[in-house]
Amino acid sequence: MTTPGFALSDDTRTLLGLLADKLDAHRPDAVMLEPTRLAQALVFAEQLHGPTEKAFAAEQDLLAAAPRVRDHQTRGEYAALLRVIAEGVSAE
């Protein structure tokens, strides 16, 4: 793992944490699905900013920071990865 090539905004770090918390709190041993990543990015961005252009930008930044889900990855494993990324470490 290396440091990312871009700096994460405070909003992105917040959203990564919110998503990680939700995945850990609800069925952490279940398989994580890519549609869940996409849907939750929108939900959390709109919770933070309302249905605004700022929410759209925050959603896009979150999706850029949160890697695609890998086969057989659990929600808990993905949550741990999001926390590492929020700390400034890349998964690549």
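Rules behind the numbers
Residues numbered from 1 in each chain as written. Predicted model: local features only at pLDDT ≥ 70, side-chain atom pairs only at ≥ 80, totals over all residues. Heavy atoms only, no water. pLDDT = per-residue confidence, 0-100. Helix = DSSP H or I, 4+ residues; strand = E, 2+ residues; numbered from the N terminus. Expected span 1.5 Å × (residues − 1). Contact = heavy atoms within 4.5 Å. Axes fitted to C-alpha atoms, helices over the stretch in contact; angles between N-to-C directions. Parallel < 35°, antiparallel > 145°, perpendicular 65-115°, else oblique. Left-handed = near helix turned anticlockwise from the far one by under 90°. Nonpolar A, V, L, I, M, F, W, Y, C, P; charged D, E, K, R; others polar. Core = buried A, V, L, I, M, F, W, Y, C linked by side-chain atoms within 4.5 Å. Buried < 20%, exposed > 50% of the residue type's maximum accessible area, 1.4 Å probe, protein only.

*Asks:* Would you mind going over the confidence of the model for the protein chain in detail, with residue names and values included?
*Replies:* Confidence in the prediction for the protein chain averages 90 pLDDT; 89% of positions are at 70 or higher. Averaged over each element, pLDDT in the protein chain is lowest for helix α1 (residues 10-25) (95) and highest for helix α4 (residues 75-86) (97).

*Asks:* Give a detailed account of helix α2 (residues 34-49), specifying residues and quantitative values.
*Replies:* Between its first and last C-alpha atoms α2 spans 23 Å; for 16 residues at 1.5 Å apiece the expected length is 22 Å, and the two agree. Among the structural elements, α1, α3 (53-65) and α4 are those in contact with the buried residues of α2. A positive backbone phi angle near 75° is found at G50, which sits one or two residues after α2.

*Asks:* Can you tell me about the packing of α1 against α2, naming the residues and giving the values?
*Replies:* For the pair α1 and α2, the least separation of the axes is 10 Å and the interaxial angle reads 125°. In terms of axis orientation, α1 runs oblique to α2. The interaxial crossing formed by α1 with α2 has right-handed handedness. Across from D11, L15, L18, L19, K22 and L23 in α1, the residues of α2 making contact are T36, Q40, F44, A45, L48 and H49. The residue makeup of the contact of α1 with α2, split by class, is seven nonpolar, three polar and two charged.

*Asks:* A description of the nonpolar core should follow, citing residues and the corresponding values.
*Replies:* The biggest cluster of nonpolar side chains holds 23 residues, and the ones touching the most others in it are L15, L16, L23, Y78 and L82. If you tally residues by element for this core, the top one is α4, at six residues. Residues within four places of L15 in sequence aside, it is in contact with F44, A45, L48, A58 and L62.

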